[in-house]
Amino acid sequence: GKKDNCRAGKGWISRGRTVSPTPAPKPGECSSPFCKVDYDDKPWRTLDLPHDMVIENNFSQNGDKSHGYLLYSKGWYRLHFQIPASAK
């Protein structure tokens, strides 16, 4: 479908990338503070998905060819949402 038809693509927030990517942790096994429900993510910026953090980085001879010689690392996304009591 079209991007505008996907409501889950709106309202995400992002911290950006700082280290090389690793596989995502299994649910309940993340030890990063970013995984915690009460983590203060107010400084993060709002963005819409799909989003590609790689294009925000600098070109480098050390960058991966498959990423257009742009440097890349791990990025974090979070989405705040409410589950209505009627869904229980």
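Report follows, based on the coordinates. (Residues numbered from 1 in each chain as written. Predicted model: local features only at pLDDT ≥ 70, side-chain atom pairs only at ≥ 80, totals over all residues. Heavy atoms only, no water.)

What follows covers the packing of aromatic side chains. This structure, assessed with the given rule, holds four aromatic pairs. Ring geometry for F34 and Y39: centres 5.1 Å apart, planes at 85 degrees, overall edge-to-face. Its relative accessible area of 14% is what places F34 among the buried residues. Since its relative accessible area comes to 25%, Y39 is described here as partly exposed. Taking the centre distance of 5.6 Å and the plane angle of 70 degrees together, the rings of F34 and W44 count as edge-to-face. Within this pair, whereas F34 is found in the loop between β1 (12–17) and β2 (45–47), its partner W44 is found in the loop between β1 and β2, the two being separated by ten residues in sequence. (Phe/Tyr/Trp six-rings, centres within 6.5 Å; stacked < 30°, edge-to-face > 60°. Buried < 20%, exposed > 50% of the residue type's maximum accessible area, 1.4 Å probe, protein only. Helix = DSSP H or I, 4+ residues; strand = E, 2+ residues; numbered from the N terminus.)

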